[in-house]
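Residues per chain, in single letters:
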Amino acid sequence: MAAAARTALLTPPAGPDAEPTETQIDIRNVGKVYGAGSDHPVIALDGVTLSIRRGEFVSLLGPSGCGKSTLLNIIAGFQSASSGQLLQNGRPIVKPDPSRTVVFQDYALFGWMTVQQNVEFGLKAKGLPKARRAEIARGLIDTVRLTGFEDKFPHQISGGMKQRAAIARALAPDPDILLMDEPFGALDAQTRVLLQEEIARISSETKKTVVFVTHGIDEAVFLADRVVVMSPRPGRVREEVLVPLPRPRTAEMRSDPWFVSTVNALWETLKPEWQKGE
Ligand SMILES: Nc1ncnc2c1ncn2[C@@H]1O[C@H](COP(=O)(O)OP(=O)(O)OP(=O)(O)O)[C@@H](O)[C@H]1O
């Protein structure tokens, strides 16, 4: 992307509608080496520094293998960084925690549980009485527009519905941070667009902090307040694009001139790397 355009896009929103500025996730100079000490160590991340504000929707965009999932797993607490520091509200992230939940590409629903039971599962750790769990789960099932499918098992519903159920389950513990790893990657193009609109709506309504990993440039821009573009491996933050589109995001915004030109500019920047990674 041209430097002038990038500078313009990086101008923060100001005035009464400006987003709150409280840092929720602070990633400081994080590196990750797989197989350190082996003959073939893989440097997945190198010096990643990123601050994410409470309530912000950040898309992590980059070519295959640049370390997006690694970074997400480190934020989740599933993996540890090899170097650097990761803080949530000023405290080190050392293990998984219900304040950060994850939605994966492959849904990760329990096949032997109904939609309702899957969503309730996310509430078990809270120690709530059964009736209250059922009530909260019904509300979340309604939020993701799955009412009427509570008693279906995962094999009885479509991929898009499975992902809606997985989103409801991830929202169940009322996390501060929702981490999404290519959540729509396995869905057909139409379902993907519909679910993008749903997650845009849900994230606006619930005001969660969202970190969304994707290869999809238009998806990254459509959903995010900020697109963080990563370099090819070893992954570093290569550029950041602030998205000035208002919320709630609507389908028409995909034809907004700013949206179209930004997606095109990002594609021109990333195309050579995508081609190399093919
Ligand atoms: N457990 C592991 N052991 C060794 N290398 C790994 C491991 N996990 C990931 N890697 C390597 O680290 C690099 C980053 O992987 P990662 O999955 O984080 O990238 P990504 O950007 O999410 O890729 P994709 O978009 O294809 O999912 C890749 O080269 C990958 O092969």
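A quick note: this is a predicted structure, and the numbers were derived from the prediction, not measured.

K.L.:
Please explain the overall build of the chain as it appears in this structure.
P.N.:
Secondary structure assignment for the chain yields eight helices and ten strands. At 19 Å, the chain has a C-alpha radius of gyration in line with the 19 Å of a compact globule built from 278 residues. Each principal axis of the C-alpha distribution contributes one length, and for the chain these read about 55 × 50 × 40 Å. Within the chain, counting contacts between residues at least 6 apart in sequence, those at least 24 apart form 71% of the total.

K.L.:
Is there a simple way to explain the site of the ligand in this structure?
P.N.:
In the vicinity of the ligand lie 14 residues, with Tyr34, Ser64, Lys68, Ser69 and Thr70 positioned nearest. Secondary structure elements with two or more residues in the shell around the ligand: β2 (42-53) and α2 (68-76). In terms of residue count, the dominant contributor to the shell around the ligand is α2 (three residues). In terms of residue class, the shell around the ligand is made up of four nonpolar, eight polar and two charged.

K.L.:
What exactly am I supposed to notice about the UniProt feature "domain: ABC transporter" (unreviewed entry) in the chain here?
P.N.:
Following the UniProt record, one finds the feature "domain: ABC transporter" (unreviewed entry) at residues 25-257. Taken as a whole, residues 25-257 contains 30% helix and 26% strand, while its terminal C-alpha atoms sit 32 Å from one another.

K.L.:
Just to check I follow, could you spell out the sheet that holds strand β10 (residues 237-242) for this structure?
P.N.:
Strand pairing in a sheet relies on backbone hydrogen bonds. The paired strands run either parallel or antiparallel. The strand order across the open sheet built from six strands is β6-β7-β8-β3-β9-β10, with neighbouring strands paired in mixed fashion. Each edge of the open sheet is held by one strand with a lone partner, namely β6 (100-103) and β10. Going across the sheet, the axis of each strand differs from the next one's by a mean of 20°, ignoring polarity. Sheet analysis places strand β9 (residues 226-230) next to β10, joined by five bridges and oriented antiparallel. Residue pairing for β10: Val228 is matched across the bridge by Glu240. Contacts between helix α5 (residues 159-171) and the sheet are confined to β6 and β7 (177-181), with β6 contributing the most and set at about 175° to the helix.

K.L.:
It is not clear to me how the pairing of β7 should be interpreted in this structure. Could you clarify?
P.N.:
It is a general feature of regular strands that their side chains alternate between the two faces of the sheet. Burial analysis of β7 places five of its five residues in the buried class, which makes it a mostly covered element. Taking every second residue as pointing to the same face, both faces of β7 are buried, with Ile177, Leu179 and Asp181 on one and Leu178 and Met180 on the other. Of the pairings in the sheet, the one linking β7 to strand β8 (residues 209-214) comprises five bridges and is parallel in character. Pairing of Leu178 across the sheet is with Val210, part of β8. Crossover handedness for the path β7 to helix α6 (residues 189-206) to β8: right-handed.

K.L.:
What exactly am I supposed to notice about α2 here?
P.N.:
Spacing of three or four residues puts side chains on the same side of an α-helix, whose turn is 3.6 residues. Among the residues of α2, those classed as buried are Lys68, Thr70, Leu71, Leu72, Ile74 and Ile75. Where α2 terminates, the next one or two residues include Gly77, which has phi positive at roughly 95°.

The rules we used
- Residues numbered from 1 in each chain as written.
- Predicted model: local features only at pLDDT ≥ 70, side-chain atom pairs only at ≥ 80, totals over all residues.
- Helix = DSSP H or I, 4+ residues; strand = E, 2+ residues; numbered from the N terminus.
- Rg over C-alpha atoms; globule rule 2.2 N^0.38 Å.
- Contact = placed C-beta atoms within 7 Å.
- Near = placed C-beta within 6 Å.
- Nonpolar A, V, L, I, M, F, W, Y, C, P; charged D, E, K, R; others polar.
- UniProt positions renumbered as here; feature names shortened; annotations may be inferred.
- Pairing = 2+ DSSP bridges.
- Axes fitted to C-alpha atoms, helices over the stretch in contact; angles between N-to-C directions.
- Buried ≥ 20, exposed ≤ 12 C-beta atoms within 10 Å, placed from the backbone.
- Right-handed = clockwise from strand over helix to strand, strands pointing away.

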